[in-house]
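Secondary and tertiary structure notes
Residue strings, one per chain:
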Amino acid sequence: EMERAIKAEGQVLLGWRDVPVNRDMPMSPTVREKEPLLRQIFIGRGNDVIVQDALERKLYVIRKTASANIQRLKLKHSKEYYVPSMSSRTVVYKGLLLADQVGTYYLDLQDKRCVSALGLVHQRFSTNTFPEWPLAHPYRYVAHNGEINTVKGNYNWMKAREGVMSSPVLGADLQKLYPISFAGQSDTATFDNCLELLTMAGYPISQAVMMMIPEPWEQHATMDTRRRAFYEYHAAMLEPWDGPAPLVFTDRRQIGATLDRNGLRPSRYSATDDDLVIIAPETRVLPVPELQIARNRRLQPGKMLLINRTQGRTNQ
């Protein structure tokens, strides 16, 4: 189905690769029993694709159509099929592993040729879902700590809009993307799918996150009128995703963090003088020498920390 989708979208299948992993690494029997077969696919751009953003959209359509077709087959193990990432900009390495096991398990991460302009690393422990390989963080755009309590309503509204949505950027490809989310996915997976759709439709990721997780603007009498108008306008397009939910996100060019407007889950960050940013419920969760810390701050409800790689600056 994947190769068929690549051909249907006019792109080029370059080949497959077995992802090298350390199968001798100690694992619990439960984790070992569910260890998946990991394969990496290489896709070349077709003649109709010139810019990288257009290639990203094609890869998005290929992944979504292939996934939907595989689920429709209702095979015995079709629910176990999962694509952690399909992008020309990033690769997601994750699994049902402890934080210090990821670099040991994936041999690619030990290769000196493996260099990245950014890295988003997330560690969490499952609370309201049973641990599974596909549920590990990060997802394609976000990593998340907490719960999105409105996820059922958000999913239903998103499902209801599938028949009336349109996009000048995605055009006819939009119809190929349904369903945006599959029933029964986790709250983070459902959020990630919605954020991905907005980003692929042309919204900057910072704007898309502000649309989904707005500030508490309705009763904020002293809020700047332009910012208030921004939230009021987008409230007619999308319902807020409320938690307690600290969340980090990236579109490969910007990387940031935000806290939902209820602010019930604390989120603090430390920035070092060598461009490392650590976000956690408390400061000093990692041993960093005091002299290296440039600043310690906390995220306020509805606020955002944004690191813009292309401009080389940080905003809050």
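Shown above is the structure to which this text applies.
Read on for a plain summary of the structure. Throughout this description, residue numbers start from 1 for each chain and increase along the sequence as written. The model is predicted, so local features are restricted to residues of pLDDT at least 70 and side-chain atom pairs to those at 80 or more, both for listing and for counting; the totals for chains, interfaces and linings are taken over all residues. Neither water nor hydrogens contribute to the side-chain values; these are computed over all heavy atoms in the structure.

**Some thoughts on helix H5 (residues 151–161)**
Here H5 has its buried residues at Val151, Asn154, Tyr155 and Met158. In an axial view of H5, the angular spread of the buried residues amounts to 100°, which keeps them on one side of the axis. Exposed positions of H5 whose direction lies more than 90 degrees from the buried face are Lys152 and Ala160. Residues of H5 that are buried in the fold lie against helix H6 (187–200). Here the term buried applies to any residue with accessible area under 20% of the maximum for its type, exposed to any over 50%, and partly exposed to those in between, with areas from a 1.4 Å probe on protein chains only. Each helix corresponds to a stretch of at least 4 residues labelled H or I by DSSP, and each strand to a stretch of at least 2 residues labelled E; elements are numbered beginning at the N terminus. When we speak of the arc, we mean the arc of directions from the helix axis to the C-beta atoms. Whether two residues touch is decided by their heavy atoms; if any such pair falls within 4.5 Å, the residues are in contact.

**Here's the deal with the packing of H6 against helix H7 (residues 205–212)**
The angle between two axes is taken between their N-to-C directions and runs from 0 to 180 degrees, where each axis is a line fitted to C-alpha atoms and a helix contributes only its stretch in contact. The N-to-C vectors of H6 and H7 enclose an angle of 130°; their axes lie 9 Å apart at closest approach. When the axes of H6 and H7 are compared, the pair comes out oblique. In the crossing of H6 with H7, the sense of the turn from one axis to the other is right-handed. Where H6 approaches H7, its residues Phe191, Cys194, Leu195, Leu198 and Thr199 are matched on the opposing element by Ile205, Ala208, Val209, Met211 and Met212. As a working rule, the residues Ala, Val, Leu, Ile, Met, Phe, Trp, Tyr, Cys and Pro are called nonpolar, Asp, Glu, Lys and Arg charged, and the rest polar, with Gly in that last group. Of the residues contributing to the contact of H6 with H7, the split by class is nine nonpolar, one polar and no charged. Angle categories are assigned with fixed cut-offs, so that under 35 degrees is roughly parallel, over 145 is roughly antiparallel, 65 to 115 is roughly perpendicular, and the rest are oblique. For any pair of crossing helices, the crossing counts as left-handed if the nearer helix is rotated counterclockwise from the farther one by less than a right angle, and right-handed if it is rotated clockwise.

**Topic: H7**
Across the eight residues of H7, six count as buried, placing the element largely inside the fold. Considered for burial, the residues of H7 that qualify are Ile205, Ser206, Ala208, Val209, Met211 and Met212.

**Some remarks on the pairing of strand S9 (residues 304–308)**
Of all five residues making up S9, four are buried, and the element is well covered by its neighbours. Two strands are said to pair when DSSP picks up at least two bridges between them. The sheet contact formed by strand S5 (residues 254–259) and S9 spans five bridges and is antiparallel. What sits directly across from alanine 257, in S9, is leucine 305. Note that S9 and strand S10 (residues 313–315) share three bridges and pair antiparallel.

**A short note on the pattern of salt bridges**
A carboxyl oxygen of Asp or Glu within 4 Å of a side-chain nitrogen of Lys or Arg is what we treat as a salt bridge. Scanning all chains against the criterion turns up 20 salt bridges. Across the pair glutamate 35 and arginine 23 runs a salt bridge whose closest N-O atoms are separated by 2.6 Å. With glutamate 35 in the loop between helix H2 (29–33) and strand S2 (39–44) and arginine 23 in the loop between strand S1 (12–18) and H2, this residue pair connects regions lying 12 residues apart in the sequence. Exposure remark for glutamate 35: the relative accessible area of 17% places this residue in the buried category. The class of arginine 23 is partly exposed, set by a relative accessible area of 42%.

**A few points about the nonpolar core**
Throughout, nonpolar core names a set of buried Ala, Val, Leu, Ile, Met, Phe, Trp, Tyr and Cys residues whose side chains join them through atoms within 4.5 Å. Of all hydrophobic cores here, the largest spans 33 residues; its most connected members are Val142, Leu177, Phe191, Leu195, Met212 and Phe249. Elements supplying a minimum of two residues to this core: helix H3 (52–73), H5, H6, H7, strand S4 (246–250) and S9. Counting residues per element, this core draws most heavily on H6, which supplies seven residues. If near-sequence neighbours (up to four positions away) are discounted, phenylalanine 191 is found in contact with Val142, Ile148, Met212, Ile213, Trp241 and Leu247.

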